[in-house]
Amino acid sequence: MTAHAHAHAHAAAVPLRDFNLQPPRSHDRITFKTADDGELAGYVSKLGRHIGNGQLFAWVELDNALPGSFSAVLLTDVTSCDDCGAARRQSAAVNEARRLCLADYSGTLADQQRAVRAA
(Lines give C-alpha, C1' and ligand atoms only; values in the text may rest on other atoms or scores of the structure.)
Protein backbone atom coordinates (compact mmCIF):
# COMPACT_ATOMS: atom_id res chain seq x y z
CA MET A 1 0.00 0.00 0.00
CA THR A 2 1.44 3.40 -0.97
CA ALA A 3 1.78 6.19 1.57
CA HIS A 4 -1.00 8.13 -0.19
CA ALA A 5 -3.36 5.16 -0.15
CA HIS A 6 -2.53 4.50 3.52
CA ALA A 7 -3.22 8.15 4.46
CA HIS A 8 -6.51 8.08 2.53
CA ALA A 9 -7.58 4.86 4.26
CA HIS A 10 -6.67 6.33 7.66
CA ALA A 11 -8.60 9.54 6.94
CA ALA A 12 -11.63 7.49 5.96
CA ALA A 13 -11.42 5.54 9.23
CA VAL A 14 -11.22 8.68 11.44
CA PRO A 15 -14.72 10.07 12.01
CA LEU A 16 -15.17 13.72 11.09
CA ARG A 17 -16.19 16.11 13.85
CA ASP A 18 -19.84 17.11 13.90
CA PHE A 19 -19.59 20.86 14.52
CA ASN A 20 -23.31 21.05 15.40
CA LEU A 21 -22.72 18.71 18.34
CA GLN A 22 -19.26 20.08 19.20
CA PRO A 23 -19.32 23.69 18.00
CA PRO A 24 -16.21 25.85 17.87
CA ARG A 25 -15.78 28.42 20.61
CA SER A 26 -14.96 32.10 20.62
CA HIS A 27 -11.50 32.85 19.16
CA ASP A 28 -11.11 29.36 17.64
CA ARG A 29 -9.67 29.56 14.12
CA ILE A 30 -11.84 27.67 11.65
CA THR A 31 -11.89 26.89 7.96
CA PHE A 32 -15.15 26.62 6.10
CA LYS A 33 -16.44 26.09 2.59
CA THR A 34 -18.45 28.62 0.61
CA ALA A 35 -20.27 28.28 -2.68
CA ASP A 36 -18.74 31.48 -4.10
CA ASP A 37 -15.20 31.71 -2.69
CA GLY A 38 -14.23 28.10 -2.00
CA GLU A 39 -12.54 27.53 1.35
CA LEU A 40 -12.04 30.50 3.69
CA ALA A 41 -10.66 30.86 7.20
CA GLY A 42 -11.16 33.12 10.16
CA TYR A 43 -11.71 33.45 13.87
CA VAL A 44 -15.01 32.70 15.58
CA SER A 45 -16.35 35.70 17.42
CA LYS A 46 -19.58 34.25 18.74
CA LEU A 47 -22.30 31.73 17.92
CA GLY A 48 -25.89 32.57 17.08
CA ARG A 49 -29.09 30.95 15.88
CA HIS A 50 -30.84 31.78 12.63
CA ILE A 51 -34.11 33.51 13.47
CA GLY A 52 -36.06 31.72 10.73
CA ASN A 53 -34.91 28.11 10.95
CA GLY A 54 -32.99 27.93 14.24
CA GLN A 55 -29.76 26.65 12.65
CA LEU A 56 -26.62 27.39 14.64
CA PHE A 57 -24.04 29.60 12.91
CA ALA A 58 -20.79 31.31 13.82
CA TRP A 59 -19.93 34.97 13.31
CA VAL A 60 -16.44 34.67 11.82
CA GLU A 61 -13.93 37.49 11.41
CA LEU A 62 -12.33 36.59 8.09
CA ASP A 63 -8.61 36.22 7.51
CA ASN A 64 -7.13 38.55 4.89
CA ALA A 65 -10.07 40.92 5.04
CA LEU A 66 -10.57 44.36 6.52
CA PRO A 67 -10.84 44.33 10.31
CA GLY A 68 -14.47 43.99 11.25
CA SER A 69 -15.35 42.00 8.12
CA PHE A 70 -17.52 39.11 9.25
CA SER A 71 -19.35 36.24 7.71
CA ALA A 72 -22.21 34.24 9.21
CA VAL A 73 -21.09 30.63 8.73
CA LEU A 74 -23.42 27.69 9.22
CA LEU A 75 -21.75 25.06 11.38
CA THR A 76 -22.52 22.48 8.69
CA ASP A 77 -20.06 24.37 6.43
CA VAL A 78 -17.16 24.27 8.93
CA THR A 79 -14.39 21.90 7.80
CA SER A 80 -11.79 22.33 10.58
CA CYS A 81 -11.22 23.99 13.92
CA ASP A 82 -7.98 24.46 15.87
CA ASP A 83 -9.67 24.52 19.33
CA CYS A 84 -7.15 27.14 20.55
CA GLY A 85 -9.70 29.82 21.41
CA ALA A 86 -9.25 29.50 25.18
CA ALA A 87 -5.52 30.26 24.91
CA ARG A 88 -6.23 33.20 22.59
CA ARG A 89 -8.84 34.61 25.01
CA GLN A 90 -6.36 34.34 27.87
CA SER A 91 -3.64 36.04 25.81
CA ALA A 92 -6.05 38.79 24.75
CA ALA A 93 -6.68 39.53 28.42
CA VAL A 94 -3.02 40.53 28.77
CA ASN A 95 -2.87 42.29 25.38
CA GLU A 96 -0.70 39.66 23.68
CA ALA A 97 -3.08 38.34 21.05
CA ARG A 98 -5.30 39.32 18.21
CA ARG A 99 -8.45 41.08 19.33
CA LEU A 100 -11.67 40.50 17.47
CA CYS A 101 -13.87 43.43 16.53
CA LEU A 102 -17.14 41.69 17.36
CA ALA A 103 -17.47 40.28 20.83
CA ASP A 104 -20.02 39.74 23.57
CA TYR A 105 -19.91 42.93 25.60
CA SER A 106 -23.02 42.14 27.64
CA GLY A 107 -20.96 41.45 30.78
CA THR A 108 -19.11 44.76 30.41
CA LEU A 109 -22.37 46.63 29.82
CA ALA A 110 -23.93 45.02 32.90
CA ASP A 111 -20.87 46.02 34.98
CA GLN A 112 -21.14 49.61 33.73
CA GLN A 113 -24.87 49.75 34.54
CA ARG A 114 -24.24 48.43 38.07
CA ALA A 115 -21.52 51.05 38.58
CA VAL A 116 -23.89 53.85 37.46
CA ARG A 117 -26.62 52.62 39.82
CA ALA A 118 -24.17 52.38 42.72
CA ALA A 119 -22.90 55.95 42.18
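Caption draft 1: Expanded view of the packing of aromatic side chains. One pass over the full model with this rule turns up one aromatic pair. Between Phe-57 and Trp-59, the ring centres sit 5.5 Å apart and the planes meet at 80°, which makes this aromatic pair edge-to-face. Owing to a relative accessible area of 12%, Phe-57 belongs among the buried residues under this scheme. In this structure Trp-59 comes out as partly exposed when scored by relative accessible area, which is 31%.

Caption draft 2: Quick peek at the pattern of salt bridges. In the structure shown here, the tally under the stated rule is two salt bridges. Between Arg-17 and Asp-83 there is a salt bridge, and its shortest N-O distance comes to 2.9 Å. Of the two residues, Arg-17 sits in the loop between helix H1 (3-13) and strand E1 (29-34) while Asp-83 sits in the loop between strand E5 (78-81) and helix H2 (85-93), which places them 66 residues apart along the sequence. Accessibility expressed as a relative area gives 27% for Arg-17, which makes it partly exposed. A salt bridge links Asp-63 to Arg-29, with the nearest nitrogen and oxygen atoms 2.4 Å apart. Of the two residues, Asp-63 is situated in the loop between strand E3 (56-62) and strand E4 (70-74) and Arg-29 in strand E1; the sequence distance between them amounts to 34 residues.

Caption draft 3: Spotlight on the sheet that holds E4. Spatially, E4-E3-E2-E1-E5 is the arrangement adopted by the five strands of the open sheet, whose pairing is antiparallel. The outermost strands of the open sheet, each flanked by one partner alone, are E4 and E5. Adjacent strand axes in the sheet meet at a mean angle of 45°, parallel and antiparallel pairs treated alike. As defined by bridge partners, E1 adjoins strand E2 (residues 38-49) across six bridges and the pair is classed as antiparallel. Bridge pairing in E2 places Arg-29 opposite Tyr-43.

Caption draft 4: Quick peek at the confidence of the model for the chain. For the chain, the average pLDDT comes to 78, and 70% of its residues sit at 70 or higher. Counting contacts from residues 6-13, a segment whose pLDDT is below 50, to residues more than four positions away or on other chains yields one contact.

Caption draft 5: Quick look at the side chain of Asp-28. In this structure, Asp-28 sits in the loop between H1 and E1. A polar side-chain atom of Asp-28 sits 3.3 Å from the main-chain amide nitrogen of Cys-84. Discounting residues that sit within four places of it in the chain, Asp-28 has contacts with Gly-42, Tyr-43, Val-44, Cys-81, Asp-82, Asp-83, Cys-84, Gly-85 and Arg-88.

Caption draft 6: Representation of unusual backbone geometry within the structure. With a phi angle near 55°, Asn-64 is a residue other than glycine that sits in the positive phi range. As for its placement among the helices and strands, Asn-64 is situated in the loop between E3 and E4. We classify Asn-64 as exposed; its relative accessible area is 84%. Backbone geometry at Asp-83 places phi at a positive 55°, although glycine is not the residue there.

Caption draft 7: Structural view of the nonpolar core. Phe-19, Ile-30, Phe-32, Val-44, Leu-56, Ala-58, Val-60, Leu-62, Val-73, Leu-75, Val-78 and Cys-81 together form the largest nonpolar core, which totals 12 residues. Taken together, the elements giving at least two residues each to this core come down to E1, E3 and E5. Here this core takes four residues from E3, the largest share from any one element. Those residues in contact with Val-78 that sit more than four places away from it in its chain are Phe-19, Ile-30, Thr-31, Phe-32 and Val-73.

Here is what the cut-offs are and how they apply
Residues numbered from 1 in each chain as written. Predicted model: local features only at pLDDT ≥ 70, side-chain atom pairs only at ≥ 80, totals over all residues. Heavy atoms only, no water. Phe/Tyr/Trp six-rings, centres within 6.5 Å; stacked < 30°, edge-to-face > 60°. Buried < 20%, exposed > 50% of the residue type's maximum accessible area, 1.4 Å probe, protein only. Salt bridge = Lys/Arg side-chain N within 4 Å of Asp/Glu carboxyl O. Helix = DSSP H or I, 4+ residues; strand = E, 2+ residues; numbered from the N terminus. Pairing = 2+ DSSP bridges. Axes fitted to C-alpha atoms, helices over the stretch in contact; angles between N-to-C directions. pLDDT = per-residue confidence, 0-100. Contact = heavy atoms within 4.5 Å. Polar contact = N/O pair within 3.5 Å; in protein donor to acceptor, adjacent residues only side chain to side chain. Core = buried A, V, L, I, M, F, W, Y, C linked by side-chain atoms within 4.5 Å.

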